[in-house]
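Close look at the chain arrangement
Residues per chain, in single letters:
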Amino acid sequence: MRRITHAAAALALALAALTTMGAGGAGAADGDWAGCPSGAVCVYPQGQDPAVSPSAVYWSYGAHSLSGQYGMHWVLNNQTGGAHARLCRGSGGADCVYDLSSPKGVYYDLGPINAITLDRP
């Protein structure tokens, strides 16, 4: 039963990601994707699914501390030029556990995440 539940959750996540990517990223004249501007990494409010309006937008390379972010959040990497975003457990960008290439998004539990890094290609 647990395996079926995990498979169903993974399928729902994949469908939501495809829906979000199709609705916001592909074909948007200004490069915005689900309200995330081109060149940025965006975090959306807890439980907002699909991603519609970001609660935090990050533009500069390097580590960005997170605070008060718990539960499931969409994180969209809408950077250009092959830049990556990483979700890290440690402060200052240490112990990164998820690498997010661009343009991609993930619905992730940010409770154990203390920083997001934006990394040059």
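This is a predicted model, so every value here is computed, not measured. (Residues numbered from 1 in each chain as written. Predicted model: local features only at pLDDT ≥ 70, side-chain atom pairs only at ≥ 80, totals over all residues. Heavy atoms only, no water.)

**Comments concerning the state of the cysteines**
- Counted under the stated rule, the structure contains two disulfides.
- A disulfide bridge connects Cys-36 with Cys-42, and the sulfur atoms are separated by 2.1 Å. Taking the sign of the S-S torsion, 85° for the link of Cys-36 and Cys-42, the bridge is right-handed. Comparing Cys-36 with Cys-42, the two get one shared label, buried.
- Sequence-ordered numbering of the bonded cysteines in the chain gives a pairing of 1-2, 3-4. (Disulfide = S-S within 2.5 Å. Buried < 20%, exposed > 50% of the residue type's maximum accessible area, 1.4 Å probe, protein only.)

**Side note on the pairing of strand 5 (residues 84–88)**
- Relative to strand 8 (residues 115–119), strand 5 is paired through five bridges, and the arrangement is antiparallel. Paired with Leu-87 across the bridge in strand 8 is Ile-116.
- The pairing of strand 5 with strand 6 (residues 96–100) spans four bridges and is antiparallel. When the bridges of strand 6 are listed, Ala-85 appears paired with Leu-100. (Pairing = 2+ DSSP bridges. Helix = DSSP H or I, 4+ residues; strand = E, 2+ residues; numbered from the N terminus.)

**Some words on unusual backbone geometry**
- With an omega dihedral of 15°, the bond running from Asp-49 to Pro-50 counts as a cis peptide bond.
- Along the chain, Pro-50 turns up in the loop between strand 1 (41–43) and strand 2 (56–58).
- With an omega dihedral of -5°, the bond running from Ser-102 to Pro-103 counts as a cis peptide bond.
- Following the sequence through the fold, Pro-103 ends up in the loop between strand 6 and strand 7 (104–109).
- Even without a glycine there, the phi angle at Ala-34 is positive, about 55°.
- Following the sequence through the fold, Ala-34 ends up in the loop between helix 1 (2–25) and strand 1.
- Take Ala-34: its relative accessible area is 13%, and that puts it in the buried class.
- Even without a glycine there, the phi angle at Asp-95 is positive, about 55°.
- Locating Asp-95 in the fold gives a position in the loop between strand 5 and strand 6.

**Topic: the sheet that holds strand 2**
- Reading across from one edge, 2-1-4-7 is the order of the four strands in this open sheet, with antiparallel pairing throughout. Of all strands in the sheet, those bounded by a partner on one side alone are strand 2 and strand 7. Across the sheet, the axes of successive neighbouring strands diverge by a mean angle of 20°, strand direction being ignored.
- Bridging between strand 1 and strand 4 (residues 72–77) involves three bridges; their strand directions are antiparallel. Looking at strand 4, one finds that Val-43 is bridged to Val-75. (Axes fitted to C-alpha atoms, helices over the stretch in contact; angles between N-to-C directions.)

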